[in-house]
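# Coordinate analysis (summary)
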Amino acid sequence: MLSSMDTEDYVRICEQDTARAGVHYGAPGKEELYTLKIIWGEIFGQGKPGAKNNMAASLYVEESIESWKRTYELYKEILERKADKQKKDKAKKLLELDHWFQHELPQEVSRRSERLLTQEELVKLMEWKLTREKFRPRLTQLVKTNSDETVKEVTSRAFKCLPDVKSAINELTKLKAVGPATASAILCAGSPNIPFMADESIQAIPRFGNVKIDYTLKFYLCYLDSIRSCLKVLLSKDSKGNWNEHKIELCLWAHVVGQKYAPELFGESSFSSKRKTSIQVEEYQGKSKRRKVK
């Protein structure tokens, strides 16, 4: 893992490889090192020299719009395949909660005079998150201790912060049991331009290949940056495709989960995981412009 690499050695190797790529960086300070480690995974494969490409990441670098559309269409079926592996009562709950989160909650939030969530909705959102991922009963209990008035006030202020995602998440994490991942789900419910911080969607992005998921705001912003780089490329190829950050997040989730529960739905020949596409180049150039020594 990257965390085990000595900082001095890490920077030295980064400088060597970025030089080979034709980009020259100044020596990073402590604040820059975190992001540099994540960029490493994005540009050079899987976090450190010699690591193999992750097949789950192949959709992210796929430029075929048809592959993305097909994956999006498979989301519901793949969710059902995942549910089939669970106990009947939990499977039913997962499907019902996911339909509520993906369709009913966004509609309800958009109908209000101002975007906000109620305490009841926040509790249900947490249930959705924990049913879809690893269940942690303590979080469900803790999130219920937020009063309805507090939840409405905090979520309303957070939505008003947008498009400043950093400020919005900082506001939401004032609520008990709400970290950056849950905060991203809250914002996603009111704006499809904010992707949910799903583990599987993160795993689908090459830059995070061997980087341990860090449930912090800083890590989320790096994830958001990758999603938006991908969105930019897809929109350039399919401007009428109604693509947004949440839709890309769902595609990435479906592809990773589908590899586990329904691999026959994906033909590996349709995804190329070895070439560096314009999505990767776009991200690489964007980062290099900010760090290039002038």
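Residues numbered from 1 in each chain as written. Predicted model: local features only at pLDDT ≥ 70, side-chain atom pairs only at ≥ 80, totals over all residues. Heavy atoms only, no water.

In terms of helices and strands, the protein carries 14 helices and zero strands. When the helices and strands of the protein are placed in sequence order, the string is α-α-α-α-α-α-α-α-α-α-α-α-α-α. Expressed as a percentage of the 294 residues in the protein, the buried residues total 52%. For the protein, contacts bridging at least 24 residues in sequence account for 71% of all contacts bridging at least 6. Entry remark: accessible area of the protein is about 14,500 Å², with carbon and sulfur atoms responsible for 49%. (Helix = DSSP H or I, 4+ residues; strand = E, 2+ residues; numbered from the N terminus. Buried < 20%, exposed > 50% of the residue type's maximum accessible area, 1.4 Å probe, protein only. Contact = heavy atoms within 4.5 Å. Areas by Shrake-Rupley, 256 points an atom, 1.4 Å probe, with all protein chains shown as cover.)

Residues Leu 162 and Pro 163 are joined by a peptide bond in cis, for which omega reads 15 degrees. Positive phi, normally seen in glycine, also occurs at Ala 177, with a value near 75 degrees. Here the phi dihedral of Asn 242 falls at roughly 55 degrees; this positive angle occurs in a residue that is not glycine. The topology assignment puts Asn 242 in the loop between α12 (217–237) and α13 (245–261). We classify Asn 242 as exposed; its relative accessible area is 60%.

Checked against the element boundaries, Asn 146 lands in the loop between α7 (137–143) and α8 (148–161). Looking at Asn 146, the relative accessible area reads 5%, which means it is buried. Side-chain polar atoms of Asn 146 contact the backbone oxygen of Val 143, separated by 3.0 Å. (Polar contact = N/O pair within 3.5 Å; in protein donor to acceptor, adjacent residues only side chain to side chain.)

One finds Trp 68, Phe 101, Leu 172, Leu 187 and Leu 252 to be the most contacted residues of the largest nonpolar core, which totals 76 residues. It is α12 that provides the largest number of residues to this core, a total of 10 residues. Those residues in contact with Leu 252 that sit more than four places away from it in its chain are Leu 59, Tyr 60, Trp 68, Glu 200, Ser 201, Ala 204, Ile 205 and Ile 227. (Core = buried A, V, L, I, M, F, W, Y, C linked by side-chain atoms within 4.5 Å.)

Looking now at the packing of aromatic side chains. Tallied over the full model, the rule gives six aromatic pairs. Between Tyr 75 and Trp 253, the aromatic rings sit 5.3 Å apart at their centres with planes inclined by 55 degrees, giving tilted as the arrangement. Of the two residues, Tyr 75 is situated in helix α4 (residues 75–84) and Trp 253 in helix α13; the sequence distance between them amounts to 178 residues. Ring centres 4.9 Å apart and planes at 35 degrees place the aromatic pair Phe 208 and Phe 219 in the tilted group. On the criterion of sequence distance, the pair formed by Phe 208 in the loop between α11 (199–203) and α12 and Phe 219 in helix α12 is long-range, its members being 11 residues apart. The same class applies to Phe 208 as to Phe 219, namely buried. Following the ring pairs from residue to residue traces out a cluster consisting of Phe 101, Trp 128 and Phe 196. (Phe/Tyr/Trp six-rings, centres within 6.5 Å; stacked < 30°, edge-to-face > 60°.)

What follows covers a positive patch on the surface. Judged by side-chain charge, Lys 87, Lys 90, Lys 93 and Lys 144 come together as a positively charged surface patch. Within the secondary structure layout, Lys 90 lies in helix α5 (residues 88–111). A residue is classified by how much of its surface remains accessible, and Lys 90, at 35% relative accessible area, is partly exposed. (Patch = residues over 30% accessible without salt bridge, like charges linked within 9 Å, V, L, I, M, F, W, Y side chains within 5 Å. Salt bridge = Lys/Arg side-chain N within 4 Å of Asp/Glu carboxyl O. Lys, Arg positive; Asp, Glu negative; His and termini not counted. Charge placed at Lys NZ, Arg CZ, Asp CG, Glu CD.)

All right, on to the pattern of salt bridges then. Per the stated rule, a full pass over the model turns up 14 salt bridges. A salt bridge links Glu 114 to Lys 160; the nearest nitrogen and oxygen atoms lie 3.5 Å apart. A residue pair is termed long-range when its members are at least 10 positions apart, and Glu 114 in the loop between α5 and α6 (119–132) and Lys 160 in helix α8 qualify at 46 residues. You can call Glu 114 partly exposed: its relative accessible area is 33%. Through salt bridges that share partners, Glu 108, Arg 111, Arg 112 and Glu 121 make up one connected network.

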